[in-house]
Amino acid sequence: MKLNEKFVITINRELGSGGRTIGEKLAKRLHVPFYDKALIQGLKEKYSLTTEEIERLKGQQHNWWADFKRSLKIMPSFAAPNIIPSKTAIPDFLITDDIFQSETQILKGIAEDESCVIAGRSGFYVLRDHPNHLSILIQAPMEHRINHLVTRRGITPAEAEKIIKEVDKGRERYVKKYTGTSRYDTRNYDIVFNAANHTEDEIVDLIMKYIQK
């Protein structure tokens, strides 16, 4: 991957692996925007970015995403809390074909406009043909994931395990339906990390070393 050219890093991660935090920290190290599921869904819903609306915007200007950002004066970090309510993300099992198609167009528009880090949303598949793309999978053993959720959410281990299994099932169903592959197929990624073997910062350091090679 070439840092002196427009790039995109996609991170697929298991719930409780710390993958989202790793993505945020990596984006900060690289001084690029970070996008995740809640952000993309929030933008889509707040600004009515249906497939039809995106096609209309694309018809007006080739790089519709850049034009869209300028028209709304959105900063690259998307830090404003009124833009993205982080708890409103639609569960993967409720995603419709139209939602998937509109989110696909948003991802492609983002990657065309700027270097960035994207977590989730089948970015590894949607952006697989991007000329400067690094695909990463963050995994961890169930015990590590349970402990992570217990610490972060203040729930019991039993509750954490139930949530993890439900999310795993929903995400795998979503990925198989819309990509025809499994999110666990390591052939979809350039790098795979076991988060139990490293801290989040150590994983970011390892990714940076890989990139800088």
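Criteria and thresholds
- Residues numbered from 1 in each chain as written.
- Predicted model: local features only at pLDDT ≥ 70, side-chain atom pairs only at ≥ 80, totals over all residues.
- Heavy atoms only, no water.
- Helix = DSSP H or I, 4+ residues; strand = E, 2+ residues; numbered from the N terminus.
- Buried < 20%, exposed > 50% of the residue type's maximum accessible area, 1.4 Å probe, protein only.
- Contact = heavy atoms within 4.5 Å.
- Areas by Shrake-Rupley, 256 points an atom, 1.4 Å probe, with all protein chains shown as cover.
- Salt bridge = Lys/Arg side-chain N within 4 Å of Asp/Glu carboxyl O.
- Expected span 1.5 Å × (residues − 1).
- Core = buried A, V, L, I, M, F, W, Y, C linked by side-chain atoms within 4.5 Å.
- pLDDT = per-residue confidence, 0-100.
- Axes fitted to C-alpha atoms, helices over the stretch in contact; angles between N-to-C directions.
- Parallel < 35°, antiparallel > 145°, perpendicular 65-115°, else oblique.
- Nonpolar A, V, L, I, M, F, W, Y, C, P; charged D, E, K, R; others polar.
- Left-handed = near helix turned anticlockwise from the far one by under 90°.
- Phe/Tyr/Trp six-rings, centres within 6.5 Å; stacked < 30°, edge-to-face > 60°.
- Lys NZ or Arg CZ within 6 Å of the ring centre and 35° of its normal.
- Pairing = 2+ DSSP bridges.

**Student:** Help me get a handle on the overall build of the protein chain, residues and values and all.
**Tutor:** For the protein chain, the count of helices and strands is 9 helices and 5 strands. Listed by position from the N terminus, the elements making up the protein chain come as β-α-β-α-α-α-α-β-α-β-α-α-β-α. Counting across all 213 residues of the protein chain, residues that qualify as buried make up 52%. For the protein chain, contacts bridging at least 24 residues in sequence account for 74% of all contacts bridging at least 6. Counting every atom, the protein chain has about 10900 Å² of accessible surface; 51% of that belongs to carbon and sulfur.

**Student:** I'd like to hear about the pattern of salt bridges, residue by residue, with values.
**Tutor:** Counted under the stated rule, the structure contains 12 salt bridges. The shortest N-O distance in the salt bridge between D201 and K25 comes to 3.0 Å. Taken as a pair, D201 in helix 9 (residues 200–212) and K25 in helix 1 (residues 19–30) lie far apart in primary sequence, 176 residues in all. Classification of D201 as partly exposed rests on a relative accessible area of 44%. What makes K25 partly exposed here is its relative accessible area of 29%.

**Student:** So what about helix 5 (residues 97–113)? Which residues, and what values?
**Tutor:** Over its 17 residues, helix 5 extends 24 Å from the first C-alpha to the last, a length consistent with the 24 Å expected when each residue adds 1.5 Å. When you tally the buried positions in helix 5, you get 12 out of 17 residues, the bulk of the element.

**Student:** Tell me about the nonpolar core, and please be specific about residues and values.
**Tutor:** In this structure, Y35, W64, W65, I106 and I118 are the most contacted members of the largest nonpolar core, which totals 25 residues. If you list the elements that add at least two residues to this core, you get helix 2 (37–46), helix 4 (64–72), helix 5, strand 3 (116–119), helix 6 (123–126) and helix 8 (157–179). For this core, the leading source of residues is helix 5, giving 5 residues. Setting aside residues no more than four positions away along its own chain, I106 makes contact with I40, K44, L49, I54, W64 and W65.

**Student:** So what about the confidence of the model for the protein chain? Which residues, and what values?
**Tutor:** Per-residue confidence for the protein chain gives a mean pLDDT of 83, with 85% of residues at or over 70. Per-element confidence in the protein chain ranges from a low mean pLDDT of 69 for helix 3 (residues 51–60) to a high of 97 for strand 4 (residues 133–139). For residues 77–88, every residue scores under 50 in pLDDT, and the model assigns this stretch 16 contacts once sequence neighbours within four places are set aside.

**Student:** Just give me the short version of the packing of helix 5 against helix 8, but keep the residues and values in it.
**Tutor:** Axis separation between helix 5 and helix 8 bottoms out at 12 Å; the angle between their running directions is 75°. Here helix 8 runs roughly perpendicular to helix 5, going by the angle between their axes. Contacts between helix 5 and helix 8 involve D97, F100 and E103 on the former and, on the latter, Y174, K177 and Y178. Partitioning the contact of helix 5 with helix 8 into residue classes produces 3 nonpolar, no polar and 3 charged.

**Student:** Run through the packing of helix 1 against helix 9, naming residues and quoting values.
**Tutor:** Where helix 1 contacts helix 9, the axes come no closer than 9 Å and their chain directions differ by 50°. Taken together, the axis directions place helix 1 and helix 9 in an arrangement best described as oblique. Pair helix 1 / helix 9 crosses with right-handed handedness. Facing helix 1, whose interface residues are T21, I22, K25, L26, R29 and L30, helix 9 presents E200, D201, I203, V204, D205, I207, M208 and I211. Residue composition of the contact of helix 1 with helix 9, grouped by class: 8 nonpolar, 1 polar and 5 charged.

**Student:** Which residues make up the packing of aromatic side chains, and what are the values?
**Tutor:** Evaluation of the coordinates by the stated rule reveals 2 aromatic pairs. Above the face of the Y125 ring, R128 is positioned so that its terminal group lies 3.8 Å from the ring centre.

**Student:** Before we move on, can you summarise the sheet that holds strand 4 with the specific residues and values?
**Tutor:** In spatial order, the strands read 2-3-1-4-5; together these 5 strands make up an open sheet with parallel pairing. Looking at the sheet topology across the chains shown, the edges are occupied by strand 2 (34–35) and strand 5 (191–194). Where strand 4 and strand 5 come together, 4 bridges link them in parallel fashion. Each bridged residue has a counterpart across the sheet, and for I138 the counterpart in strand 5 is F193. Relative to strand 1 (residues 8–13), helix 1 is tilted by about 165°, and along the sheet it contacts strand 1, strand 2, strand 3 and strand 4.

**Student:** Break down the environment of I207 for me, with residues and values.
**Tutor:** Examined against the element boundaries, I207 turns out to sit in helix 9. For the pair formed by I207 and I136, sequence separation is 71 residues and the distance between their alpha carbons is 9.0 Å. When neighbours within four sequence positions are excluded, I207 is seen to be in contact with I22, L26, L134, I136 and F193.

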